[in-house]
Amino acid sequence: MLWTRPDGSKVRDVSALRRFMPYLLRTRNESYVLFEQELDLTRTLRYLDLANAAGAGAGADGGEDSSLKLFHVVLCAMARLFARRPQLNRFVTGGTLYQRRHIELSFAIKKQHTDAGGLTTTKLRFRGDETPREIADAVQAAVRFGRSDKQSQADRETALVVRLPGPFLRLLLWLQRGLDAWNLLPASLIDPDPLYCSIFLANLGSIGLDSAYHHLFEYGTCSFFAVVGKVRPRRALDGDGAVAARETLSIKYTFDERITDGWYCARSLELFRDWVEDPLQLDEPPKE
């Protein structure tokens, strides 16, 4: 077994219990924790309206899809979260805990909003200090590519291997998982694969659906899955104790608890809440 891998470095400064957990809980779906977060979008939607009205949504190319959207704010806050709270950006493979070298967010793209519309995935790498506008430009470029006739490297590789007979395909995946567990899988196979990522997000709200809990994949190294639902009105008490309607967003998370403890994760998600509910903070460089 090699001691280094292209996408992560071994975490050494952890407790004995944390080192033991990958052997006690051998798979991600044996180790997941479910959590739901409801966000108040009162200031967020106002921010988006003002930003787009002021021309901040013009985008790099001025395309018709260039407006700043709620999902861009969510992605921006998530990228900053993984930069600020690095224990979230870990994964377990081969019974060992690793710190990921990069912040990489993956999400699915529906080629057409029809029953017959195909589905593709993309993975974007971020520094963790981008603004929502920078995130929007990167996402919109990825969406345009995903909805074009061009195939990503991951799509081409998938189209190739599914031509194999079932037994050979199972053997190939067994070999791939074995190489990954022993840190022998090359970067050329890891880098384009969307399931080797910090977090995978599904934006069900973009097609008018509520959030839902999603399983974790045993393939790859993704330790987080987040499903973003549609914006919904909720009744809540305002500062004067009166009932008021507020626009809210539900995000449901599936989290591999082997990478860090629930206290660290919960405190991290409160920081994420603060950024999404007040996205003006994201227009400024992150504070130390």
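Given the structure is predicted, the values throughout are model-derived calculations rather than measurements. (Residues numbered from 1 in each chain as written. Predicted model: local features only at pLDDT ≥ 70, side-chain atom pairs only at ≥ 80, totals over all residues. Heavy atoms only, no water.)

*Asks:* Teacher, can you tell me more about the overall build of the protein chain here?
*Replies:* Of regular secondary structure, the protein chain possesses eight helices and 10 strands. What you see for the protein chain is a C-alpha radius of gyration of 20 Å, in line with the 19 Å of a compact globule of 288 residues. Principal-axis analysis of the C-alpha atoms gives the protein chain an extent of 60 × 50 × 35 Å. For the protein chain, the residues scored as buried account for 42% of the 288 residues in total. By element, 57% of the accessible surface of the protein chain is carried by carbon and sulfur atoms, the whole surface being about 15200 Å². Treating the 39 positive side-chain charges of the protein chain as one cloud and the 37 negative ones as another, the clouds have centres 5 Å apart. (Helix = DSSP H or I, 4+ residues; strand = E, 2+ residues; numbered from the N terminus. Rg over C-alpha atoms; globule rule 2.2 N^0.38 Å. Buried < 20%, exposed > 50% of the residue type's maximum accessible area, 1.4 Å probe, protein only. Areas by Shrake-Rupley, 256 points an atom, 1.4 Å probe, with all protein chains shown as cover. Lys, Arg positive; Asp, Glu negative; His and termini not counted. Charge placed at Lys NZ, Arg CZ, Asp CG, Glu CD.)

*Asks:* Hey, could you run me through the pattern of salt bridges in this one?
*Replies:* Side-chain pairs of opposite charge can arise where the charged atoms are in close proximity. Here the structure, examined in full by the defined rule, presents 16 salt bridges. Measuring nitrogen to oxygen at the nearest pair gives 2.8 Å for the salt bridge that ties Arg-125 to Glu-104. With a gap of 21 residues between them, Arg-125 in strand β6 (residues 119-126) and Glu-104 in strand β5 (residues 103-110) connect regions that are remote in the sequence. Residue classification places Arg-125 among the partly exposed positions, given a relative accessible area of 46%. Using a relative accessible area of 7% as the deciding quantity, one classes Glu-104 as buried. Where Asp-210 meets Arg-232, a salt bridge forms, and the shortest distance between an N and an O atom there is 3.1 Å. Taken as a pair, Asp-210 in the loop between β7 (199-203) and β8 (224-228) and Arg-232 in strand β9 (residues 232-237) lie far apart in primary sequence, 22 residues in all. Residue classification places Asp-210 among the partly exposed residues on the basis of a relative accessible area of 39%. What you see here is one network of salt bridges that share partners, running through Arg-127, Asp-129, Glu-130 and Glu-134. (Salt bridge = Lys/Arg side-chain N within 4 Å of Asp/Glu carboxyl O.)

*Asks:* What's the story with a nonpolar patch on the surface in this structure? I'm lost.
*Replies:* Together, Leu-164, Phe-168, Leu-171, Leu-172, Trp-174 and Leu-175 line one region of the surface with nonpolar side chains, adding up to about 630 Å² of accessible area. Among the secondary structure elements, Trp-174 is positioned in helix α6 (residues 166-181). (Patch = residues over 30% accessible without salt bridge, like charges linked within 9 Å, V, L, I, M, F, W, Y side chains within 5 Å.)

*Asks:* Help me understand the environment of Arg-125 in this model?
*Replies:* For Arg-125 and Ser-106, which are 19 residues apart along the polypeptide, the C-alpha to C-alpha distance reads 8.9 Å. For Arg-125, the residues in contact, after removing those within four places along its chain, are His-102, Ile-103, Glu-104 and Asp-191. There is a polar contact of 2.8 Å between the side chain of Arg-125 and the side chain of Glu-104. (Contact = heavy atoms within 4.5 Å. Polar contact = N/O pair within 3.5 Å; in protein donor to acceptor, adjacent residues only side chain to side chain.)

*Asks:* Where do I start with the sheet that holds strand β4 (residues 96-100) in this structure?
*Replies:* Either a parallel or an antiparallel arrangement is found when strands of a sheet pair, and the pairing is made through backbone hydrogen bonds. Strand order in the open sheet formed by three strands is β1-β4-β3, with antiparallel pairing between adjacent strands. Both outer strands of the open sheet, β1 (8-10) and β3 (90-93), are each paired with one neighbouring strand and no more. Along the sheet, successive strands turn relative to each other by an average axial angle of 40°, direction set aside. Bridge count for β3 against β4 is four bridges, and the pairing is antiparallel. Within β4, the residue paired with Thr-93 across the bridge is Thr-96. (Pairing = 2+ DSSP bridges. Axes fitted to C-alpha atoms, helices over the stretch in contact; angles between N-to-C directions.)

*Asks:* How do you make sense of unusual backbone geometry when you look at a structure like this?
*Replies:* Trans is the prevailing form of peptide bonds, just as negative phi is the prevailing case for residues other than glycine. Positive phi values are uncommon outside glycine, yet Asn-183 reaches one of about 60°. The topology assignment puts Asn-183 in the loop between α6 and α7 (187-190).

*Asks:* How should the confidence of the model for the protein chain be read in this particular structure?
*Replies:* As a general rule, the predicted coordinates of low-pLDDT regions are not to be interpreted in detail. Taken residue by residue, the protein chain gives an average pLDDT of 89. The fraction at 70 or more is 91%. Mean pLDDT in the protein chain bottoms out at helix α5 (residues 153-161), which sits at 79, and peaks at helix α3 (residues 70-84), which reaches 98. Of the regions scoring below 50 in pLDDT, residues 60-64 engages in three contacts with residues more than four places distant in sequence or in other chains. (pLDDT = per-residue confidence, 0-100.)

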